[in-house]
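Read off the chains here:
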Amino acid sequence: MHNAKVNLLLLFGEQILNVDVDGNMFIWTFKGIQQNLAPVGHVMLEDKFSPRCIMHPNTYLNKVILGSEEGSLQLWSISTKKMLYEFQGWKSSICCCVSSPALDVIAVGCADGTIHVHNIRYDEEIVRFSHSTRGAVTSLSFSTDGQPLLASGGSSGVISIWNLEKRRLQSVIREAYDNSIISLHFFANEPVLMSSSADNSIKMWIFDTSDGDPRLLRFRSGHCAPPLCISFYANGRHILSAGQDCAFRLFSVIQDQQSRELSQRHVTKRAKKLRVKEKEIKLKPVIAFDFAMERDWCNVVTCHMDTTQAYVWRLQNFVLGEHILKPCPENQTPVKACAISACGNFAVLGTAGGWIERFNLQSGISRGSYVDLSERSCAHVGEVVGVACDSTNTLMISAGYHGDIKVWDFKGRGLKSRWEIGCAVVKIVYHRSNGAAYIFTTATDDFVIRLFDVVALRMVRKFEGHIDRVTDSCFSKDGKWLLTSSIDGTLRIWDVILARQIDAIHVDVSVTALSLSPNMDVLATTHVDQNGVYLWVNQTMFSRSSYIDSYASGKEVVKVKLPSVSSTEGSHKDSENPVLNPIQFKDDFQNPHFQEKIPDLVTLSLLPKSQWQSLINLDIIKVRNKPIEPPKKAEKAPFFLPSVPTLSGQIVFEPSDISSEKKIAEGDKLENRRSDLPHS
């Protein structure tokens, strides 16, 4: 029904009120919503009244108060759809208003930083407060646990607590948020305040101290700016994410309580001491990172935007490491690429000046540089866009922006081979394999994905399909799949062995970074201007079918929307080509075409691999589980268990061997007595 943006919503009993920017207020009811989707009422506000907030005063039946940008308030009756009274205001735009536990009293927050506690029955002001910091009052909340407190939040991120009885400021939480506060809410009959901010965080404060000041009880937070790069960590239960908000975070896929931001060593204390915001003293945004298995030393290295040095992190303790890696002190240029060896002892850094240097992660000491004598005492002419190490610390691969790829001896640091691609390289992704072939992919400016074999020193695959710049790519753990994303909004999955595209989806917001879990069951993506990390489920891992064409055609691109935040809505509801449901899969099993996987071959089982893989070693399992000796018959226990008398009165049972010895001794005594008797 609205022709303009809806900016206000109010749940009002069994009705919902929504107001748009043009001044149209529609009234909707819950009853009979399936039969009638039309609104039950409509109110058109005045032209000189621009609504900014809406609230329902307690005990005022069927009445709401609207605040405007012009500074006035209006009391409306929903039942009669008429304005009952207009408050003149305070010549400042009204940003928020809230009802108090006391009857006829409301609190109004204005854009000039003032708070007015007003009696709407007599149209009289009770008390007035003013924020010490600049900015508008964006949120208000009254305490209902018996303490006369009013909490206010402003656009500067500061939370102020006001004492209504003493009519003065009680406490200030200056470091509450780095951005504007969106909402404040006191829990009913509890000394707990919940707050949320535009920096994508929510915090809970409790008033249990002796001086009445609140303390932080718990919080949840995420990136307040779009992430730049992500990667699954360790066993796939966590995701490492770096964003434009200068934060380096660890997200838990299983339990959000385990998600946290990695510490940059006393940022809050240093910000208080220097009287600056935390963001000003944080490290610059991470543009690339690599990690290894957890050790007793640092196992993560990061490259930062326009920074001539790299930093190491101790992920076991979630803190910044003690060493700073500074390559090429004579000619310092920003670090652009990094990689950690498979053993976790060395880090290789590549700079914008073409310099590549190796460092020891335990000591932070340089262990030599990789120099091509034909390139003016450096590794590449121009920027190094990627470096990688193999699984045995034998080879090191590097790529320059101008399309030159070089293979180095990892230990000796000598150049072994090189070749030219012929176009600019944007990024390389290397797959560490247990076999003899080591492949890596390059994303170039001509939108083509190329795969190279390091051992054979030649290109083995070439994938074309993207029509715009490739943003990211990753291999599956077994190396059979290659996933790529592009600015054109497509996410494509390529089969490396068959050299063809097996699936492709198109999202309305382009993918900027992606990572596939080691189990290949979850795909994590980040998108343009989106602060969240989105998770996608691999449907082939949760179905009985392995026939890839039953999910998506390799040539067709399926259009889907981003995963919904709500648990009741999925992205497939609005997609043009929805994914197959379990009922459709059940019908496909009856299809004779589905039963025959490959012509002239027989399908043995449609069960998962884990259920029939052990049948190959069935004889070995039987031999291993064969009993060593025949089973022994259990000893019969006596009906009355023998006990030993004690002074404490507790019952102590005799062990079986002692009771048997006692019986033998009693039998010997009986025989001796019989032998002492005279013979008749």
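Sequence order sets the numbering: in each chain, residues are counted from 1 along the sequence as written. Local features in this predicted model are restricted to residues of pLDDT 70 or higher, and side-chain atom pairs are both shown and tallied only at a pLDDT of 80 or more, whereas totals for entire chains, interfaces and linings draw on every residue. The side-chain figures draw on all heavy atoms in the structure; neither hydrogens nor water molecules are used.

Caption draft 1: Quick peek at the overall build of the protein. Scanning the protein from terminus to terminus reveals 7 helices and 50 strands. For the protein, the residues scored as buried account for 45% of the 680 residues in total. In the protein, the proportion of contacts linking residues at least 24 apart, taken out of those at least 6 apart, comes to 38%. Note on areas: Shrake-Rupley, 1.4 Å probe, and residue coverage restricted to the protein chains presented here. When the accessible surface of the protein is split by element, carbon and sulfur atoms take 52% of a total near 37,800 Å². The helix count covers DSSP runs of H or I at least four residues long, the strand count covers runs of E at least two residues long, and both are numbered beginning at the N terminus. Buried, partly exposed and exposed residues are distinguished by accessible area as a fraction of the type maximum, computed with a 1.4 Å probe on protein chains only: under 20%, between the cut-offs, and over 50%, respectively. Contacts were defined at the residue level, with two residues in contact if any of their heavy atoms lie within 4.5 Å.

Caption draft 2: Just the state of the cysteines, in detail. We call a pair of cysteine sulfur atoms a disulfide whenever their separation is within 2.5 Å. Overall, the coordinates contain 0 disulfides when judged by the stated rule. Not part of a disulfide, C338 finds its nearest cysteine sulfur in C303, a span of 3.5 Å. With no disulfide partner, C343 has as its closest neighbouring cysteine sulfur the one in C389, 8.7 Å distant.

Caption draft 3: Expanded view of the nonpolar core. Among buried residues, the Ala, Val, Leu, Ile, Met, Phe, Trp, Tyr and Cys ones that are joined through side-chain atoms within 4.5 Å form a nonpolar core. Grouped together as the largest cluster of nonpolar side chains are 19 residues, with contacts concentrated most on L483, L491, L514, L523 and W536. Mapped onto this core, the elements with two or more residues apiece are β42 (481-486), β43 (490-495), β44 (500-506), β45 (511-516) and β47 (534-537). A per-element tally of this core places β45 first, with 3 residues. With residues up to four places along the chain from it excluded, the contact list for L514 reads I230, D472, S473, C474, L483, T484, S485, L491, L523, A524 and T525.

Caption draft 4: Just the confidence of the model for the protein, in detail. As a per-residue quantity, pLDDT reports the predictor's confidence and falls between 0 and 100. Residues at a pLDDT of 70 or more form 84% of the protein, whose mean pLDDT is 83. Contacts from residues 549-553, a stretch scored under 50 in pLDDT, to residues over four places away or in other chains number 14 contacts. Predicted confidence is poor over residues 566-596, with pLDDT under 50, and the contacts of this stretch with residues over four places away or in other chains come to 38 contacts.

Caption draft 5: Highlighting a nonpolar patch on the surface. A surface patch of nonpolar side chains, amounting to about 280 Å² of accessible area, comprises W612, L615 and L618. In this fold, W612 is placed in helix α5 (residues 609-612). Patch membership requires more than 30% relative accessible area and the absence of a salt bridge. Residues of like charge join within 9 Å; the nonpolar side chains Val, Leu, Ile, Met, Phe, Trp and Tyr join within 5 Å. One side-chain nitrogen of Lys or Arg within 4 Å of one carboxyl oxygen of Asp or Glu is enough to make a salt bridge.

Caption draft 6: Representation of the sheet that holds strand β30 (residues 346-351). Read from one edge to the other, the open sheet built from 4 strands follows the order β29-β30-β31-β32, with strand pairing classed as antiparallel. Whereas interior strands pair on both sides, the edge strands pair on one side only; in this sheet they are β29 (335-340) and β32 (366-370). The mean angle between the axes of side-by-side strands here comes to 20 degrees, regardless of whether they run parallel or antiparallel. Think of it this way: DSSP has to see at least two bridges between two strands before they count as a pair. Inspection of the sheet shows β30 paired to strand β31 (residues 356-360) by 5 bridges, in the antiparallel sense. Among the inter-strand pairings, V348 is bridged to a residue of β31, identified as R358. Fitted lines through C-alpha atoms serve as axes, helices being fitted only where they are in contact, and the angles separating the N-to-C directions of these axes extend from 0 to 180 degrees.

Caption draft 7: Examining the environment of H2 more closely. Among the secondary structure elements, H2 is positioned in the segment before β1 (6-12). For the pair H2 and V21, spaced 19 residues apart in sequence, the C-alpha separation works out to 9.7 Å. Contacts of H2, omitting those with residues within four sequence positions, involve N18, D20, N24 and F26.

Caption draft 8: How the structure looks around the pattern of salt bridges. Taken as a whole and assessed by the stated rule, the structure comprises 11 salt bridges. Across the pair R249 and E261 runs a salt bridge, and its minimum N-O distance is 3.5 Å. Highlighted residues: R249 in strand β23 (residues 248-252) and E261 in strand β24 (residues 260-261), separated in sequence by 12 residues. Taking the relative accessible area as the measure of exposure, R249 reaches 4% and is therefore buried. Owing to a relative accessible area of 30%, E261 belongs among the partly exposed residues under this scheme. Between K406 and D372 there is a salt bridge; the shortest N-O distance is 2.8 Å. Of the two residues, K406 sits in strand β35 (residues 404-409) while D372 sits in the loop between β32 and β33 (384-389), which places them 34 residues apart along the sequence.

Caption draft 9: Main features of the sheet that holds strand β12 (residues 124-130). Overall, antiparallel pairing links the 4 strands, which are arranged β9-β10-β11-β12 in an open sheet. If you trace the sheet from one side to the other, it starts and ends with β9 (94-99) and β12, each paired once. Shown here is a sheet whose adjacent strand axes are inclined to one another by a mean of 20 degrees, direction ignored. The pairing of strand β11 (residues 114-119) with β12 spans 6 bridges and is antiparallel. The residue of β12 that forms the bridge with V117 is V127.

Caption draft 10: Structural view of the side chain of S197. By the secondary structure assignment, S197 is in strand β18 (residues 192-197). The buried category is assigned to S197, whose relative accessible area is 6%. Any pair of nitrogen or oxygen atoms within 3.5 Å is treated as a polar contact; in protein, a donor-acceptor pairing is required on top of that, and neighbouring residues in sequence qualify only through side-chain atoms on both sides. For S197, the side chain forms a polar contact with the main-chain oxygen of S180, separated by 2.9 Å. A polar contact is formed between the side chain of S197 and the side chain of D199, at a distance of 3.2 Å.

Caption draft 11: How the structure looks around the pairing of β43. With 6 of 6 residues buried, β43 lies mostly within the body of the structure. On β43, burial covers both faces: T490, R492 and W494 on one face and L491, I493 and D495 on the other are all buried. The pairing of β42 with β43 spans 5 bridges and is classified as antiparallel. When the bridges of β43 are listed, L483 appears paired with I493. Linking two consecutive strands that pair antiparallel, namely β42 and β43, is a turn of 3 residues; a positive phi of about 90 degrees is found at G489 within it. Linking β43 back to β44 in an antiparallel pair, the connection comprises 4 residues, with A499 at a positive phi of about 60 degrees.

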